[in-house]
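Close look at the chain arrangement
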Amino acid sequence: QVRLVESGGGLVQPGGSLRLSCAASGTIFRLYDMGWYRQAPGKQLHLVANITSGDNTNYIDSVKGRFTISRDNAKNTGYLQMNSLKPEDTAVYYCNLIGSSGRLPRRYNYWGQGTQVTVSS
């Protein structure tokens, strides 16, 4: 049984930093692309950043230069380092694993339970 557990969320002042972690179990982490998504109140879920099994990264424009996505396959864990946080970054953040092209079918698609990030003074 595949399980993803996010941690590291919380309340932080504008300009502060948080590091989110996504610990995976029950599967072979290195075979997946990993993404971080977020959903703000009243808004749709959308991708924030992703990292492929080959360590290629992508970010939405609003977090470029502030957020860094990374992974440690030996620890079956992915990360999202968030710096210079803004109130508009407030959301529930979700970790996603999806089978990486050429390694695992895309139907292997898993989500964590989410972690709340609140940026407020």
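My aim in this report is to walk through the structure given alongside it, one point at a time. Owing to the predicted nature of the structure, the values given are computational and were not obtained by experimental measurement.

Quick word on the pairing of strand 5 (residues 46-51)
Where strand 4 (residues 32-39) lies against strand 5, five bridges are found, and the strand directions are antiparallel. Counterpart to tyrosine 37 in the pairing with strand 5 is leucine 47. Connecting strand 4 to the antiparallel partner strand 5 that follows it, the hairpin turn spans six residues, and glycine 42 within it adopts a positive phi of roughly 75°. Of the strand pairs in this sheet, strand 5 and strand 6 (residues 57-59) are connected by three bridges, and their pairing is antiparallel. Each residue of the ladder has a partner; that of alanine 49, found in strand 6, is tyrosine 59. Hairpin connection, strand 5 to strand 6: the antiparallel pair is bridged by five residues, and aspartate 55 has positive phi, about 75°.

Some points on the environment of tyrosine 108
Mapped onto the elements of the fold, tyrosine 108 is located in the loop between strand 9 (91-99) and strand 10 (109-111). With 34 residues separating them in the primary sequence, tyrosine 108 and alanine 74 have C-alpha atoms 20 Å apart.

Digging into the pattern of salt bridges
Summed over all chains, the structure comprises four salt bridges. Notably, a salt bridge pairs aspartate 33 with arginine 106, separated by 3.1 Å at the nearest N-O pair. Taken together, the residues aspartate 33 in strand 4 and arginine 106 in the loop between strand 9 and strand 10 connect sequence positions 73 residues apart.

Regarding the environment of leucine 80
Relative to the helices and strands, leucine 80 resides in strand 8 (residues 77-82). Among the residues examined, leucine 80 registers a relative accessible area of 0% and is labelled buried. It is 4.6 Å that separates the C-alpha atoms of leucine 80 and isoleucine 69, two residues lying eleven residues apart in sequence. Beyond its immediate sequence surroundings of up to four residues, leucine 80 is in contact with Leu18, Arg19, Leu20, Trp36, Ala49, Phe67, Thr68, Ile69 and Tyr93.

Rules behind the numbers
Within each chain, residue numbers correspond to sequence positions counted from 1 in written order. Residue-level local features of this predicted model are given only where pLDDT is at least 70; pairs of side-chain atoms are given and counted only at 80 or more, and the full residue set underlies all totals for whole chains, interfaces and linings. Side-chain measures were taken over the full set of non-hydrogen atoms in the model, leaving aside hydrogen atoms and water. Should DSSP find at least two bridges between two strands, the strands are taken to pair. Every helix listed is a DSSP run of H or I at least four residues long, and every strand listed is a run of E at least two residues long, numbered separately from the N terminus. Any Lys or Arg side-chain nitrogen found within 4 Å of a carboxyl oxygen on Asp or Glu counts as a salt bridge. The buried label applies to any residue whose accessible area, calculated with a 1.4 Å probe on protein chains only, is under 20% of its type's maximum; exposed applies above 50%, and partly exposed to all values in between. Note on contacts: a residue pair is in contact if any heavy atoms of the two residues lie within 4.5 Å.

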